[in-house]
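Summary of the model geometry
Each chain, written out:
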Amino acid sequence: MFDEIDLSENEKGTNELVHGKPPKKSFFHVYVIRPFQKNPWNSLSLVLIFLSTLFLFILLVGGRTQAIYLSRFTFSDLIQKITAKDKITFTLYGHCVDNECTNPSMTHNFDKLPSPSDITSGIKIAKRRFSVDIITNGPSNIAKDAGKTISDGAQGAGKTISDGAKDAGQTISNGAQDGSKIIKEGAEKAGDAIINAAGLLERMLKEFVNFKPKRPTVNFSGLISIPYLIALCSNIGALVLLYFQFPTPATLFIFVSAIMNGLAILFDLLVFVWVFELIEKIPGIGNQKTGPGIWLAGWSATFLCIACLILGFRLYEKLCCGGWIRDVTKALKKKIKKMRKPNISEEEIRKQMLDRV
């Protein structure tokens, strides 16, 4: 007669209330969804600070290797062949020539470039390779042309022999003369290439020894990496404070972290302008590539600025719109209003009461 109603969910809820066992909730619901519902702005700030902390950690730890670098310069082809070196990599803590790096230091001086010995340490290994490359890349083609010419001459000779030995001998002689001429020109080109490579290397090493940046960076060398460490420590402190629901001191930590991160990025960019732009113009330097280090620092600063704005606005709202300043303002208004009321003596009050009666 009546429609059947599924009471399984109601019965389940009733049993849970009767037995005193609330429904179990997942870890994601308890520690992610519920905090976002309760305080979305603080939760969003927590996520942004966590991302900034992660990027700063990767920057500082990865900067000890060549994986996270600021800038990388590759040598030109001739320098690579004669020195057996491919690139120079600049990190937060120093520089590397291929896999040979300086001792990591948070106060590294970017005014000093790799020494000539760092670049020419593999030149003995490269001599044979360079000579082979010159011979194979230049004279090999020349030798092929010479061989082809001699072969053509020989074929012509064979064909001419059938017609007459005199013509055959003349053709072979012409082919041999052309082949010797081409080989001689190839040897001259190979010698010129070796001289040019040696001169280019000498000019590059001289520029490295006499290198001077647009402005000395030795005075703020520690400001390139140490502020990142301070920002990382401030981020960790802010994460702990926000987790335990202390947004006011966390805002101060994030403010310090954002300033330190921005300061470090500023000096990193100055290094690009004062140092790296000049290195790119040195003879023997090929391409320049900006590394992931500067991008990690930039994203970290962006996340910190957004978190700082959110927490700063919340702090302003708490202090000026819903906190002790509002209460103090109300108390002052009441006191001023009371002071403005005229003083009435007891006799006047009695007269007013008698008049009313």
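What comes next is a walk through the structure. On a predicted model such as this, the values are computed, not experimentally measured, just so you know.

What counts as what
Residues numbered from 1 in each chain as written. Predicted model: local features only at pLDDT ≥ 70, side-chain atom pairs only at ≥ 80, totals over all residues. Heavy atoms only, no water. Axes fitted to C-alpha atoms, helices over the stretch in contact; angles between N-to-C directions. Helix = DSSP H or I, 4+ residues; strand = E, 2+ residues; numbered from the N terminus. Parallel < 35°, antiparallel > 145°, perpendicular 65-115°, else oblique. Left-handed = near helix turned anticlockwise from the far one by under 90°. Contact = heavy atoms within 4.5 Å. Nonpolar A, V, L, I, M, F, W, Y, C, P; charged D, E, K, R; others polar. Buried < 20%, exposed > 50% of the residue type's maximum accessible area, 1.4 Å probe, protein only. Pairing = 2+ DSSP bridges. Phe/Tyr/Trp six-rings, centres within 6.5 Å; stacked < 30°, edge-to-face > 60°. Core = buried A, V, L, I, M, F, W, Y, C linked by side-chain atoms within 4.5 Å.

One way to put it is that helix α9 (residues 226-243) packs onto helix α10 (residues 247-279) with a least axis distance of 8 Å and a crossing angle of 160°. As the angle between them shows, α9 and α10 are arranged roughly antiparallel. Along this stretch, α9 crosses α10, giving a crossing that reads as left-handed. Listed contacts from α10 to P227, Y228, I230, A231, S234, N235, G237, A238, L241 and L242 of α9 are P247, P249, A250, F253, I254, V256, S257, M260, N261, A264, I265 and D268. Looking at the contact of α9 with α10 residue by residue, the classes come out as 16 nonpolar, 5 polar and 1 charged.

Attention shifts here to the pairing of strand β2 (residues 87-91). Regular strands place side chains that alternate from one sheet face to the opposite one. Buried residues dominate β2, accounting for 4 of its 5 residues. Pairing of strand β1 (residues 71-75) with β2 involves 4 bridges; the strand directions are antiparallel. Bridge assignment links T74 to a residue of β2, and that residue is K87. Sheet topology note: the β2/strand β3 (residues 94-97) ladder contains 4 bridges and is antiparallel. Across the sheet, residue T91 finds its bridge partner in β3, namely G94. Counting the residues in the hairpin turn of β2 and β3 gives 2 residues.

Let us now look at the packing of aromatic side chains. If you walk through the whole model with that rule in mind, you get 8 aromatic pairs. With 4.9 Å between their ring centres and 90° between their planes, F272 and F276 make a pair best called edge-to-face. Pair noted here: F272 and F276 are both in helix α10, with a separation of 4 residues, about one helical turn. Judged by its relative accessible area of 2%, F276 is buried.

If you look at the biggest cluster of nonpolar residues, it comprises 45 residues, and the most contacted ones within it are F90, L92, M204, F208, Y228, F276 and I279. Elements represented by at least two residues in this core include exactly α3 (40-62), β1, α4 (77-83), β2, α8 (165-209), α9, α10 and α11 (292-321). The dominant element in this core, judged by the number of residues it contributes, is α10, at 10 residues. In this structure F276 touches L70, S71, F73, F90, F110 and V271, once residues within four positions along its chain are discounted.

Here we take up the sheet that holds β3. Spatially, β4-β3-β2-β1-β5 is the arrangement adopted by the 5 strands of the open sheet, whose pairing is antiparallel. Looking at the sheet topology across the chains shown, the edges are occupied by β4 (100-101) and β5 (285-290). Relative to β4, β3 runs antiparallel, the two sharing 2 bridges. Looking at the pairing, C96 lines up with C101 of β4. Each of β1, β2 and β5 is contacted by α10, which is oriented at about 15° to β1, the strand it contacts most.

How two helices sit against one another is set out by the angle between their axes and by the gap between those axes. Axis separation between α3 and α9 bottoms out at 9 Å; the angle between their running directions is 150°. Between α3 and α9, the crossing angle belongs to the class labelled roughly antiparallel. For the pair α3 and α9, the crossing hand works out as left-handed. Residues S45, L46, I49, F50, S52, T53, L56, F57, L59 and L60 of α3 pack against Y228, L229, A231, L232, N235, I236, A238, L239, L242 and Y243 of α9. Here the contact of α3 with α9 is built from residues that sort into 16 nonpolar, 4 polar and no charged.

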